[in-house]
Amino acid sequence: MPGFELINKKELKAIEKIFRDGGILFAHGFDALRKEYNVREFEKLCCKKFVCKNSLAVTSGTAAIKIGLKALGVKPGDEVITQAFNFIATVEAILDIGAKPIIANVNDSLNMDPLDLKNLINSKTKVILPVHMLGVPAEMNVIKKISRKHGLKILEDNCEAIGAKFDGKYLGTIGDAGALSFDFGKIITTGEGGMLLTNNRKLDKYAREYHDHGHENNPSLPRGKDTKTIYGFNYRMTEMQGAIGRVQLKKLTEIIKKNKLRYQALHGLIKNKFKFRRIPASSEIIFDTLIFIEENKKIREKIIKVLVSEGFGTKNLPDAIEWHCASYWKHALTKNQILRSKITQKLLEKTIAVPIWIRRSVKDYVELGKKIKELK
Ligand SMILES: *Cc1c(COP(=O)(O)O)cnc(C)c1O
């Protein structure tokens, strides 16, 4: 599953190098005192890896979503449609700019239901914010078609499916912009951190200035004399995060490969016994979670017990469902949004999410599969 399992001497060496080279922990300036620009290099590497014109490194995935919404011109009072199976961060980012989160339900792929999305569009809608949950793409072809029809922008929350593709394109590069997270639970990690991807140069320019107090980073001027036209905030990534990110990004292919072996070992053993989350056609997933549905409460509880006692846990479902299903967010959403999210809650309550850990062997997953199989 996450990149933290594979943190080793390579990340440590990258940090040591920063200190050997002068200890400049800031992404900008100090040109004479440094040998490298880690954040800049990490951004370049993301452009190359995800085949995207612009990458902006920021402090978190939540910040990337907020900055993306601002760059797309979302204003107080605008409506942003996201989904009920999610993480609270997406709703927080929408609320933080004074916009209104509107919650679509999910379908059997556990991602945004395009049919429900259609019902929710009105004259106040500004942005569609699909979330690629737990390694699997949303149906971006349908969502894109809807967005075009209504003249809406798309911001992809790709915090949970970095490296996954839809129709041959990396997630996060299909909509107008995409947010990635490198927090400690994600497929690759910088401790905390995020990235905003976009092929739109204007959007990147606004985002870049906004995340850095409005700095235009005019190459002909020292930072103290830099030009500005907007005010922003500080969402800058540090050099230490940038250095770790460069190492982690290079591990992504290997992580997905290792996930796949474990996922397939488990799936192969139990595939005839359960109904699984639907994986949309044209998807390339990252195999970090295997999700299936068990209607029978008694059997479900037995399986969960085994997952917990064997040390695997159940990730978001049901371990942390309160943080991942909108029906629980009375502190952030209107009554109406809570009520309509119950449809998703009912579906999620029947699901079990098995995390794929790289530190657990393929054999461990075979043993787990046998145990689960016995319970059904
Ligand atoms: C992790 C996550 C975020 C937020 O990322 P942070 O880097 O933790 O701020 C947003 N959306 C989803 C779906 C996430 O899983």
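So, a few notes on the structure that sits alongside this text. (Residues numbered from 1 in each chain as written. Predicted model: local features only at pLDDT ≥ 70, side-chain atom pairs only at ≥ 80, totals over all residues. Heavy atoms only, no water.)

### Overview of the environment of Thr-334
Applied cut-off: Helical segments are the DSSP runs of H or I of at least four residues, strand segments are the runs of E of at least two, and each set is numbered from the N terminus.
Along the chain, Thr-334 falls in the loop between α10 (321-324) and α11 (335-348). A C-alpha to C-alpha distance of 9.5 Å links Thr-334 and Lys-100, two positions 234 residues apart in sequence.

### Side note on the state of the cysteines
Put simply, the rule reads: When two cysteine sulfur atoms are found within 2.5 Å, that pair is recorded as a disulfide. Classification of residues uses two cut-offs on accessible area relative to the type maximum, computed with a 1.4 Å probe and protein chains only: under 20% is buried, over 50% is exposed, and between them is partly exposed.
The full count for this structure, using the stated rule, is zero disulfides. Free of any disulfide, Cys-159 has its nearest cysteine sulfur in Cys-46, 13 Å distant. Judged by its relative accessible area of 8%, Cys-159 falls in the buried class. Of all cysteine sulfurs in the structure, the one in Cys-159 sits closest to Cys-325, which takes part in no disulfide; the separation is 18 Å. For Cys-325, a relative accessible area of 0% puts it in the buried group.

### A closer look at the nonpolar core
Cut-off, in case you're wondering: For our purposes a nonpolar core is just a set of buried Ala, Val, Leu, Ile, Met, Phe, Trp, Tyr and Cys residues, chained together by side-chain atoms within 4.5 Å. Contact definition: two residues touch when any of their heavy atoms are within 4.5 Å.
In this structure, Phe-50, Phe-292, Val-354 and Leu-368 are the most contacted members of the largest nonpolar core, which totals 64 residues. Sort the elements by how many residues they give to this core and helix α8 (residues 239-270) lands first, with seven residues. If sequence neighbours within four positions are ignored, Phe-292 has contacts with Ile-270, Phe-274, Lys-275, Phe-276, Arg-277, Ile-303, Lys-350, Thr-351, Ile-352, Val-354 and Ile-372. Counting 25 residues, the second largest nonpolar core, distinct from the first, contains Ala-71, Val-80, Ile-97 and Leu-203.

### Focus on the site of the ligand
Let me state the cut-off plainly: Neighbouring residues are identified by heavy atoms, a residue being near a molecule or strand if any of them is within 4 Å of it. We call two N or O atoms a polar contact when they sit within 3.5 Å, provided that within protein one can donate a hydrogen and the other can accept it, with sequence-adjacent residues counted only if both atoms are side-chain atoms. For the area figures, the Shrake-Rupley method with a 1.4 Å probe applies, and any residue is considered shielded solely by the protein chains shown.
Neighbouring the ligand are 15 residues; Thr-62, Glu-160, Ser-181, Asp-183 and Lys-186 lie closest to it. In the model, an oxygen atom of the ligand is placed 2.7 Å from a nitrogen or oxygen of the Gly-61 main chain. A distance of 2.7 Å separates a nitrogen atom of the ligand from a polar side-chain atom of Asp-157. Considered on its own, the ligand offers 380 Å² of accessible surface; in the complex 94% of this is hidden by protein.

### Considering unusual backbone geometry
Following Leu-317, the chain continues into Pro-318 via a peptide bond in cis, with omega recorded as 0 degrees. Tracing the backbone shows Pro-318 in the loop between α9 (297-309) and α10. Look at Leu-110: it is not a glycine, yet its phi comes out positive at around 65 degrees. By the element assignment, Leu-110 lies in the loop between β3 (100-104) and α5 (114-120). The exposure class assigned to Leu-110 is buried, which follows from its relative accessible area of 2%.

### With respect to the packing of aromatic side chains
As a reminder of what qualifies: We call Phe, Tyr and Trp rings a pair once their centres come within 6.5 Å, taking the six-membered ring for Trp, and we label the pair stacked below 30 degrees between planes, edge-to-face above 60, and tilted otherwise.
Going through the model one piece at a time under the given rule, you end up with twelve aromatic pairs. Consider the rings of Phe-4 and Phe-184, whose centres lie 5.0 Å apart with planes at 25 degrees: the pair is stacked. With Phe-4 in the segment before α1 (9-20) and Phe-184 in the loop between β8 (177-181) and β9 (194-198), the pair connects residues that are 180 residues apart, well separated along the chain. Each member of the aromatic cluster is reached from another via a ring pair, and the members are Tyr-206, Tyr-210, Phe-233 and Tyr-235.

### Looking at the sheet that holds strand β10 (residues 275-276)
The strands making up a sheet associate through backbone hydrogen bonding, with each pair oriented either parallel or antiparallel. Let me state the cut-off plainly: Strands pair, by our definition, only if DSSP identifies at least two bridges between them. The axes are straight lines fitted to the C-alpha atoms, using for helices just the contacting stretch, and the angles between their N-to-C directions are given from 0 to 180°.
Sheet architecture is open: three strands sit in the order β10-β12-β13, paired in antiparallel fashion. A single partner strand is all that each edge strand has here, and the edge strands are β10 and β13 (351-355). Summarising the sheet, β10 and strand β12 (residues 289-293) pair through two bridges and their orientation is antiparallel. When the bridges of β12 are listed, Phe-276 appears paired with Phe-292. Its contacts with the sheet place α8 against β10, β12 and β13, and it is angled at close to 20 degrees to β12. Running at roughly 15 degrees to β13, α9 makes contact with β12 and β13 of the sheet.

### Quick word on the pattern of salt bridges
Short version of the rule: Salt bridge, as used here, is a side-chain nitrogen of Lys or Arg placed within 4 Å of a carboxyl oxygen of Asp or Glu.
If you walk through the whole model with that rule in mind, you get 26 salt bridges. Put simply, Lys-17 and Asp-21 hold a salt bridge, and the shortest N to O gap is 2.8 Å. By relative accessible area, which is 14% here, Asp-21 ends up buried. Note that Glu-294 is salt-bridged to Lys-376, the shortest N-O span being 2.9 Å. In this pair, Glu-294 sits in the loop between β12 and α9 while Lys-376 sits in the segment after α12 (362-374), placing the two residues 82 residues apart along the sequence. On the basis of relative accessible area, Glu-294 is assigned to the buried category, the value being 3%. Overlapping salt bridges, with partners in common, bring together Lys-17, Asp-21, Lys-35, Glu-36 and Arg-246 in one network.

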